[in-house]
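Chain by chain, the residues:
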Amino acid sequence: MSELQRFSVSLEEDLLQAFDRYCTSHQIATRSEAFRQLIREKLTAEAWTSNAADVAASLTLVYDHHKSNLTNKMIEIQHKHTNCVVSALHVHLTHELCMELIALRGPAKQLQALAAELSGLKGIHQAQLVVIRAENSAGANSHCDGENHDHEDGHGHRHGHSHSHGHRKR
C-alpha cells in the first residue's frame, strides 16, 4: 500500500453537509474513506468504459433450471470465455430457481460481452454485474493469462502464486 498524501478540498457549506449526511447514512468511518471510495468508483467506471484496464467483476444470474438446455448453454458460453472466467458457484434457491455466481477478470469489453451473452439467454430471470478495478494505482498486467505473479502481502513479505481458473462440479 502506498504512503498517504494529504490535500485540501474546498466545498460549499451545503455540499459538505450533504456529503456528511451521505457518510453517516452509508456508515462510512471518515470523510477521507468516503473520498477514497468515491475516487475508486470513478476510476473503475472510467476503466470499464475505456477498456484500458484490467477489471474484475461478479456476475450473478438467477434462472429457471428447468428451462430446456439453459444450463448447457450457460456452461458452453463460459467455456468460450475461459480466459476470463475465474470461478463459478451454483446455488439452489427453490425447486425451479438456481443462482449462478461467476467471478470474472479481464478486459472490460470481454467481460461486458460475456455478461450480455449470458444475461440474454431465454430463462434468465435476473442478471447483475458488479465491477471493481482489478489493478492498483500503479497499474498491473491482466491476470487472464494464468501465469505466475508476485504480490506484497501487506506485511513486507512477497509471495508468488498463479492465477488459475476455477471449474465447478455439476
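Below, the structure is looked at part by part. (Residues numbered from 1 in each chain as written. Predicted model: local features only at pLDDT ≥ 70, side-chain atom pairs only at ≥ 80, totals over all residues. Heavy atoms only, no water.)

All right, on to the overall build of the protein then. Check the secondary structure of the protein and you find 4 helices and 6 strands. Each helix and strand of the protein, placed in order from N terminus to C terminus, yields the pattern α-α-β-α-β-β-α-β-β-β. Sorting the 170 residues of the protein into buried and exposed places 27% on the buried side. A sequence separation of at least 24 residues applies to 64% of the contacts in the protein between residues at least 6 apart. Summed over all atoms, the accessible surface of the protein reaches about 11600 Å², with 51% contributed by carbon and sulfur. (Helix = DSSP H or I, 4+ residues; strand = E, 2+ residues; numbered from the N terminus. Buried < 20%, exposed > 50% of the residue type's maximum accessible area, 1.4 Å probe, protein only. Contact = heavy atoms within 4.5 Å. Areas by Shrake-Rupley, 256 points an atom, 1.4 Å probe, with all protein chains shown as cover.)

A word on the nonpolar core. Met 74, Ile 102, Leu 104 and Leu 118 are the most contacted members of the largest nonpolar core, which totals 21 residues. Of all the secondary structure elements, the ones that give two or more residues to this core are strand S1 (54-64), helix H3 (70-80), strand S2 (85-92), strand S3 (97-107) and helix H4 (108-119). Residues within four places of Ile 102 in sequence aside, it is in contact with Ala 57, Ser 58, Leu 59, Leu 61, Gln 78, Val 85, Ser 87, Ala 88 and Leu 118. (Core = buried A, V, L, I, M, F, W, Y, C linked by side-chain atoms within 4.5 Å.)

The strand order S2-S3-S1-S4 describes an open sheet built from 4 strands, whose pairing is antiparallel. At either margin of the open sheet sits one strand with a lone partner, and together these are S2 and strand S4 (124-133). Adjacent strand axes in the sheet meet at a mean angle of 15° when their direction is disregarded. Strands S1, S2, S3 and S4 of the sheet are contacted by H3, whose axis makes an angle of about 170° with S1. (Pairing = 2+ DSSP bridges. Axes fitted to C-alpha atoms, helices over the stretch in contact; angles between N-to-C directions.)

Our next topic: the packing of aromatic side chains. By the definition in use, this model includes 2 aromatic pairs. Their ring planes at 20° and their centres at 6.2 Å tell us that Phe 19 and Tyr 22 sit as a pair that is stacked. Taken together, the residues span about one helical turn, with Phe 19 and Tyr 22 both in helix H1 (residues 13-25) at a distance of 3 residues. Residue class for Phe 19 comes out buried when judged on its relative accessible area of 12%. (Phe/Tyr/Trp six-rings, centres within 6.5 Å; stacked < 30°, edge-to-face > 60°.)

Here we come to the environment of Glu 96. Locating Glu 96 in the fold gives a position in the loop between S2 and S3. Sequence separation of Glu 96 and His 65 is 31 residues, and the distance between their C-alpha atoms is 6.1 Å.

Here we come to the pairing of S2. Where S2 meets S3, 7 bridges bridge the pair, whose relative direction is antiparallel. When the sheet's bridge partners are listed, His 90 is paired in S3 with Glu 100. Linking S2 to S3, which pair antiparallel, is a turn of 4 residues.

To continue, consider H3. Taken together, the buried positions of H3 are occupied by Leu 70, Thr 71, Met 74, Ile 77 and Gln 78. One side of H3 carries all its buried residues, which in axial view fall inside an arc of 130°. In H3, the exposed residues that point more than 90 degrees away from the buried face are Glu 76, His 79 and Lys 80. Buried residues in H3 make contact with S1, S2, S3, H4 and S4. (Arc of directions from axis to C-beta.)

This next bit is on the pairing of S1. Counting buried residues along S1, 8 of its 11 residues qualify, which places the element largely inside the surrounding structure. The sheet contact formed by S1 and S3 spans 11 bridges and is antiparallel. In the strand pairing of S3, Asp 54 is matched with Pro 107. Sheet topology places S1 next to S4; 9 bridges connect them, and they run antiparallel. Note on S4: the bridge partner recorded for Tyr 63 is Ile 124.

Further remarks concern H1. Structurally, the α-helix is built with 3.6 residues per turn, so residues lying three or four positions apart point the same way. Here H1 contains 13 residues, and its C-alpha end-to-end distance of 18 Å stays within 8% of the 18 Å for a straight helix at 1.5 Å per residue. Where H1 ends, the next residue or the one after it, Gln 27, has phi of about 55°, a positive value. (Expected span 1.5 Å × (residues − 1).)

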